[in-house]
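The residues making up each chain are set out below.
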Amino acid sequence: MRWAVVLFVLLAACEREQRQYQLPPPQASFVKQGHVLTEHNAYAMSQGKTLFRWFNCSGCHSNGGGGMGPALMDDKWRYGNNPEDIYTSIMEGRPNGMPSFRGRINEDQAWQLVAYVRSMSGWAKKDAAPGRSDSLYPGEPENMRDKRN
Amino acid sequence: MNPVLERTWRDPPGVVGWFSSIDHKTIGRRYLVTAFAFFVGAGIMAALMRLQLARPENTLIGPDLYNQLFTTHGTVMMFLFAVPVMQGMAIYLVPLMVGSRAIAFPRMNAFAYWVYLFGGLFIFTCLLFNFGPDAGWFSYVPLAGPEYAPGKRADVWAQMITFSELSGLLAAIVVIATVFKLRAPGMTLARLPLFVWAMLATAFMILFAMPSVMLASTALILDRLVSTHFYNPAEGGDALLWQHLFWFFGHPEVYFIFIPGLAFMSSIIPTFSRRPIFGYPAVVMSLTATAFLSFGLWVHHMFATHIPELGKSFFTAASMLIALPTAIQIFCWIATMWTGRLLLATPMLHMLAFFFILVLGGMTGLMVASVPLDLQLTDTYFVVAHLHYVLIGGAVFPLFGAWYYWFPKITGRMMSERLGRWQFWLFFIGFNVAFYPMHHLGLRGMPRRVYTYTDEMGWGPLNLLATAGAVTIAISVLLFTINAVMSLRRGMLAGENPWGAGTLEWATSSPPPSYNFDRQPIVRARDPLWEPPLGELREPTAEPTHIVGLAEHTREVLVTTVQDAIPDHRLAFPQPTLWPFVSAIAVAIMFLGSIFTPWAIVWGGIPVALFATLWFWPKREETDAAIAIEKRP
Amino acid sequence: MQSILQSAGPQAAHIESLWWLTLAICTVVFLAILVAVAWAVMRKRRGDAATPPDISFITKKERGAELAVVAGLGVSLLGLIVLTVASFVTDRALASLGAPDLQIDVTGHQWWWDARYDDQDKSKIFTVANEIHIPVGKPVLLRLRADDVIHSFWVPNLSGKKDMIPGRDATLTLQADKPGIYRGQCAEFCGAQHAKMAFLVIADDKYEEWAAAQRKPAPQPSSDQQKRGRDLFVDGRCAMCHAIQGTTANARHAPDLTHLMSRQTLAAGAVPNSIGHLAGWILDPSSIKPGSNMPPNPMEPDDLHALLAYLGTLK
């Protein structure tokens, strides 16, 4: 039993710890592939958190609490919180003001943002979600948030 | 051979018995074998790194794996090889050298070993599964902090530190208690072998330094796991705090490794010069001075930061000053050799290598002790060369020599002299070919911790040379392993004292029986086997030469006073038990769990507390046996 | 070449002198110890395990050896004092560079450098990346900051290094005495691409002209291809992170590209600045610097040529 737990913990590391410095080129099934590579991947979520700051998502969404844009850390999802839904929101935009970022950011960057956004409402595994930032940040870091449905 | 004593003190048989052993010799051997295995593992990592660096723009190993390799190489070598192997030598030899049947706190000693083993296995496993630590062996924040080190790699590092802290601290306590309270009657502090003095100094240093890194790594885990702000500058924390806390431990740490090397020198040189060491009091005071001074040097690892220059100058002066006690010891050893009759066997060759390699490393140490020079040399390959010269020259060469020297005592067989010489020369030449060019690389601007470099920097040829040297080192370590394994089966039988040495561990069979000595000696001189009444020039005397009267059917040990080793009282020692092993497993689960969730401390603490309670629960038979021998053994 | 022993300025020269003095003293000491050990070994007084140990030394006074050890101690102490004093003297010399009149704020990022040339006259402030020009023969003050993790600014030909620690400011003064190109490299492990975080410090005898050129915004594109390239830059992915003064691209997460073509290298010294390397870097940075924050940018060949044409005007 003990060995099963140990093995489980170790194998989980494969998913969490992989650094995809070079994501494969887009293919027909890239939507699924991108999602699979970034979901529960610590590096992807960490990059996503950096990009969230760089691309000024906080301008409308604050640090997840929302403002001009809806809150991202709660359990209300206008357009669904499946990874594909969030990806579409980012890349195609949505009515009521979400701009389309297609042509502005890469698919890999979008998937990293998707992974991070999901972690904001506690949907990422706790051992992979980002910890606190090295900056002033209101609220709990993502690895301490419970899953919101 | 005393069958009653043998039955009282031996390890119980069988698999359960193997896990229950609390014999210091068994635990000491386990430390040595485990540490050597980790040494080989970390050495393989180094070989991989050198293969990657052999050519400019090489594509053998990418940056992610390379960063894990150099971090784990440093971490394993410093925390899981160098310090534990020295503690293992102390655990095996100190009770024998002070004439005791046992080590103090034998169950805690066993527990410390198991914690060490689990910590080491853990970090190797993590590397294999792609979450080995990758922020350097001293893991600076913010790179190792929650924002810039995603995943669990840095947590693995920090928690492994906790394992090795715990193990190191407990082993240090065991050594101090043994040296102070379990010495043979008559072994006053002034008659303590220099090996024991050095291990005592090391143990005290460990006691004072390790809590600093435990604090640092705990704060790092808390920052990462539960978002405290110890190292977050935006919230009042400080990235430099990490450096101070780490190096306050980190500088003494290299002396935990170096001072035992001095212990080996002071034990082996007199034996192979056929005379007692010159300047015993000077050597003792030098060891003590080194131990104290080493706590005042730590900022020299931080000279490139913006700490005020006046403060840094103090640490330049201190770093230069600490060369003096080592110089004294070097002069005393040279005086010993000069006036003695030398036997240049393999152990002695390794000690001679110290004078070349460590002294060269000490010279480069004086260079980096100066703030302005360090501002150019720090964080380059010059420092990599310096640290390997002092650590390998000051500790690893004496360690290998010590293994050749004490292998006969531990196993009963001599190692091959021929293979030993081959191994020595390959190691010596390979080491210099590998590390000397690194001085030049540093002077030519090659920084540390780079996974590759461009061709036009011109660093290619020297890197290739260094790689060739590294391969030679690997061959020499392989030769050593072959020598050890072959000699275990087919080495010449050693007898009690094959080297004609003077300290007490040679006054018993090789390997020693489970009870160490048939009759525990009473000591009246510094090198008991060389001087009367135990030595050759035995004079008839009415004074007793051995202890009589201790119980033989139960584990009874004589406790003596600290300064003059006057018999003080008799103490009943514990029987072999599984609790140290089981408790170590519980502690390991608690530590490993706390990498993932803080609740592991709470839930994991329950079995630990339970097992600790059961460990110490008094047993009726043991109490009865102790009472029975109280008035009359 | 990036070397401590080829000093091109007073700071590095002071340190180099100290190096040679220390090397001389240490070599003498090292050889002395080796000679002493060799002499002891070669005295041919041999024994073996059976030779009775000479315990007369326990009671015998060893005046000669005592004298030798004390003398050795005395000489060592003297040597250490000389080295310590020399170190302090050099420290003082390093602090005695004249008052700088040029001030540059250098910030280290994972894995590139930006440098903001400060000025009393705010209209003269400009920003460059990865290649810093300084005037010849004049002291320069560098204010060193880090944006993310600890980096270290090190250009060995000109000066010792200084760590850039987030949350704290450090300063470094240096001066280049002869014109030349001096390569530096980050000297504190900072993550995946620490190995390829280099920079150039160019002591430029035409510094004022260079600075004046850097202050100008990017020229307007003239040909249609260049205009298309500019539009691709500003309306596409590039402007999300890069800035080009004179366009609407004004992001600060990546090097300022306003005068990209005036630089000798790309990607913080990773590759030389040529059209081929630039194309390769844009299309797939992870083939040059795996782990770099710049994403791959696959694009149609026509688009790539247009972009390169526009970037080629950023002199």
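Residues numbered from 1 in each chain as written. Chains lettered and ligands numbered in written order. Predicted model: local features only at pLDDT ≥ 70, side-chain atom pairs only at ≥ 80, totals over all residues. Heavy atoms only, no water.

1. What about the overall build of chain C?
Argument step 1. A tally of helices and strands in chain C yields 6 helices and 12 strands.
Argument step 2. Against the compact-globule benchmark of 20 Å for 315 residues, chain C has a radius of gyration of 28 Å, which places it well outside the compact range.
Argument step 3. The dimensions of chain C, computed from C-alpha atoms along their principal axes, are 100 × 50 × 35 Å.
Argument step 4. Of all 315 residues assigned to chain C, the portion counted as buried reaches 56%.
Argument step 5. Across chain C, contacts joining residues at least 24 apart in sequence account for 62% of those joining residues at least 6 apart.
Argument step 6. Surface accessibility of chain C: about 13,400 Å² in total, with carbon and sulfur atoms responsible for 60%.
Argument step 7. Averaged over its 31 positive side-chain charges, chain C has a centre that lies 7 Å from the centre of its 31 negative ones. (Helix = DSSP H or I, 4+ residues; strand = E, 2+ residues; numbered from the N terminus. Rg over C-alpha atoms; globule rule 2.2 N^0.38 Å. Buried < 20%, exposed > 50% of the residue type's maximum accessible area, 1.4 Å probe, protein only. Contact = heavy atoms within 4.5 Å. Areas by Shrake-Rupley, 256 points an atom, 1.4 Å probe, with all protein chains shown as cover. Lys, Arg positive; Asp, Glu negative; His and termini not counted. Charge placed at Lys NZ, Arg CZ, Asp CG, Glu CD.)

2. Quick look at the pairing of strand E5 (residues 140–146) of chain C
Residue and element names in this part refer to chain C.
Argument step 1. Of all 7 residues that make up E5, 5 are buried, and the element is covered over most of its length.
Argument step 2. In the sheet, strand E1 (residues 102–109) pairs with E5 via 7 bridges, with the strands oriented parallel. Residue pairing in the sheet places Gln103 in a bridge with Leu141 of E5.
Argument step 3. Alignment of E5 against strand E8 (residues 170–174), held across 5 bridges, turns out to be antiparallel. Along E8, the bridge assignment pairs Leu144 with Ala170. (Pairing = 2+ DSSP bridges.)

3. Comments concerning the pattern of salt bridges
Argument step 1. In this structure the tally under the stated criterion is 33 salt bridges over all chains.
Argument step 2. The salt bridge partner of Asp146 of chain A is Lys126 of chain A, with a shortest N-O separation of 3.5 Å. Here Asp146 of chain A is found in the segment after helix H6 (107–120), whereas its partner Lys126 of chain A is found in the segment after H6, with 20 residues between them in sequence.
Argument step 3. We classify Asp146 of chain A as exposed; its relative accessible area is 52%.
Argument step 4. Glu556 of chain B is paired through a salt bridge with Arg570 of chain B; the nearest N and O atoms lie 2.6 Å apart. (Salt bridge = Lys/Arg side-chain N within 4 Å of Asp/Glu carboxyl O.)

4. Brief notes about the sheet that holds strand E2 (residues 112–118) of chain C
All names here are of chain C.
Argument step 1. Strand order in the open sheet made by the 5 strands is E3-E2-E1-E5-E8, with mixed pairing throughout. In this open sheet, the two strands that pair with only one neighbour each are strand E3 (126–129) and E8. Strand-to-strand, the axes of this sheet are offset by a mean angle of 25 degrees, without reference to chain direction. (Axes fitted to C-alpha atoms, helices over the stretch in contact; angles between N-to-C directions.)

5. A word on the interface of chain C and chain A
Argument step 1. In this complex, chain C contributes 16 residues to the contact, which on the side of chain A involves 13 residues.
Argument step 2. Where chain C abuts chain A, roughly 1,400 Å² becomes buried across the two surfaces, and 52% of that area is made up of carbon and sulfur atoms.
Argument step 3. Taken as a group, Arg237, Met240 and His253 of chain C account for 38% of the area that chain C buries against chain A, more than any other trio of residues on that side.
Argument step 4. Run the count over chain C and chain A and you get 0 salt bridges.
Argument step 5. If you look at where chain C meets chain A, you find 6 residue pairs in polar contact (both at pLDDT 80 or more). (Buried area = accessible area lost by both parts, 1.4 Å probe. Polar contact = N/O pair within 3.5 Å; in protein donor to acceptor, adjacent residues only side chain to side chain.)

6. Looking at the interface of chain B and chain C
Argument step 1. With 86 residues of chain B at the contact, the number on the chain C side is 82 residues.
Argument step 2. A buried area of about 7,300 Å², summed over both sides, lies between chain B and chain C, and 70% of it is on carbon and sulfur atoms.
Argument step 3. Counting the surface chain B buries against chain C, the share from its top three residues, Arg274, Trp338 and Gln376 of chain B, is 10%.
Argument step 4. Inspection of the region where chain B meets chain C yields 3 salt bridges.
Argument step 5. Between Glu57 of chain B and Lys196 of chain C there is a salt bridge, and its shortest N-O distance comes to 3.7 Å.
Argument step 6. Applying the counting criterion to the chain B and chain C interface returns 24 residue pairs in polar contact (both at pLDDT 80 or more).
Argument step 7. Breaking the side of chain B that touches chain C down by element, the ones donating at least two residues are helix H4 (63–97), helix H8 (239–273), helix H10 (309–321), helix H11 (323–338), helix H12 (346–369), helix H13 (371–377) and helix H15 (417–443) of chain B.

7. With respect to the domain arrangement of chain C
Argument step 1. Considered domain by domain, chain C is made up of domain 1 (10–44 + 55–94), domain 2 (102–215) and domain 3 (224–311).
Argument step 2. Each of domain 1 of chain C and domain 3 of chain C was reduced to a C-alpha centroid, and the two centroids are 57 Å apart. (Domains from an automatic or database assignment.)

8. Remarks on the side chain of Thr51 of chain C
Argument step 1. Its location among the elements puts Thr51 of chain C in the loop between helix H1 (10–41) and helix H2 (63–94).
Argument step 2. Separated by 2.8 Å, the side chain of Thr51 of chain C and the backbone nitrogen of Asp48 of chain C make a polar contact.
Argument step 3. What Thr51 of chain C contacts, discounting residues up to four positions off in sequence, is Arg274 and Arg341 of chain B.

9. Some thoughts on the nonpolar core
Argument step 1. One finds Phe195, Phe355 and Trp406 of chain B together with Phe153 of chain C to be the most contacted residues of the largest nonpolar core, which totals 291 residues.
Argument step 2. Counting contributing residues per domain, this core is built from domain 1 (10–44 + 55–94) and domain 2 (102–215) of chain C, each supplying no fewer than three.
Argument step 3. Setting aside chain neighbours within four positions, we find Phe355 of chain B in contact with Met265, Ile269, Ile330, Trp333, Ile334 and Met337 of chain B together with Phe30, Leu34 and Val37 of chain C. (Core = buried A, V, L, I, M, F, W, Y, C linked by side-chain atoms within 4.5 Å.)

10. Re the state of the cysteines
Residue and element names in this part refer to chain C.
Argument step 1. Throughout the structure, instances matching the rule amount to 0 disulfides over all chains.
Argument step 2. Here Cys190 is not cross-linked by a disulfide; its sulfur's nearest cysteine counterpart is in Cys186, at 3.8 Å.
Argument step 3. On the accessibility criterion, Cys190 (0% relative accessible area) is buried.
Argument step 4. Residue Cys238 stays outside any disulfide, its sulfur separated by 9.4 Å from that of Cys241, the closest cysteine. (Disulfide = S-S within 2.5 Å.)

11. Focus on a nonpolar patch on the surface
Argument step 1. A cluster of nonpolar side chains, contributed by Val40, Ile44, Leu48, Leu51 and Leu60 of chain B, occupies part of the molecular surface with about 410 Å² of accessible area.
Argument step 2. Assignment of secondary structure puts Leu60 of chain B in the loop between helix H3 (24–53) and H4. (Patch = residues over 30% accessible without salt bridge, like charges linked within 9 Å, V, L, I, M, F, W, Y side chains within 5 Å.)

12. Overview of the sheet that holds strand E4 (residues 131–135) of chain C
Residue and element names in this part refer to chain C.
Argument step 1. The strand order across the open sheet built from 3 strands is E4-E10-E9, with neighbouring strands paired in mixed fashion. With one partner strand each, in any of the chains shown, E4 and strand E9 (180–185) form the two edges of the open sheet. Looking at each pair of strands side by side, their axes are set apart by 25 degrees on average, direction ignored.
Argument step 2. Relative to strand E10 (residues 198–204), E4 runs parallel, the two sharing 5 bridges. Within E10, the position partnered with His133 by the bridge is Ile202.

13. Some remarks on the packing of helix H17 (residues 579–593) of chain B against helix H18 (residues 599–616) of chain B
Residues and elements named next belong to chain B.
Argument step 1. Interhelical geometry of H17 versus H18 gives an angle of 170 degrees and a closest axis separation of 8 Å. In this view, H17 runs roughly antiparallel relative to H18, as classed from their interaxial angle. In this structure, H17 contributes Trp579, Pro580, Val582, Ser583, Ala586, Val587, Met590 and Gly593 to the contact, and H18 contributes Ala600, Ile601, Gly604, Gly605, Pro607, Val608, Phe611, Ala612, Leu614 and Trp615. (Parallel < 35°, antiparallel > 145°, perpendicular 65-115°, else oblique.)

14. Looking at the environment of Thr71 of chain B
Residues and elements named next belong to chain B.
Argument step 1. Its place among the elements puts Thr71 in helix H4.
Argument step 2. Looking at Thr71, the relative accessible area reads 0%, which means it is buried.
Argument step 3. Placed 56 residues apart in sequence, Thr71 and Val15 show a C-alpha to C-alpha distance of 36 Å.
Argument step 4. Apart from residues no more than four positions distant in its own chain, Thr71 is found in contact with Pro133, Asp134, Ala135, Gly136 and Trp137.

15. Overview of unusual backbone geometry
Argument step 1. Pro142 of chain B follows Val141 of chain B through a cis peptide bond whose omega is 0 degrees.
Argument step 2. Topologically, Pro142 of chain B is positioned in the loop between helix H5 (106–128) and helix H6 (153–181).
Argument step 3. Here the bond from Gln110 of chain C into Trp111 of chain C is cis, since omega is 10 degrees, no more than 30 degrees from zero.
Argument step 4. The topology assignment puts Trp111 of chain C in the loop between E1 and E2.
Argument step 5. A positive phi angle, near 55 degrees, is found at Arg274 of chain B, a position not held by glycine.
Argument step 6. Following the sequence through the fold, Arg274 of chain B ends up in the loop between H8 and helix H9 (280–293).
Argument step 7. With a phi close to 60 degrees, Asp379 of chain B is a non-glycine residue in the positive phi region.
Argument step 8. Here Asp379 of chain B falls in the buried class, since its relative accessible area comes to 9%.

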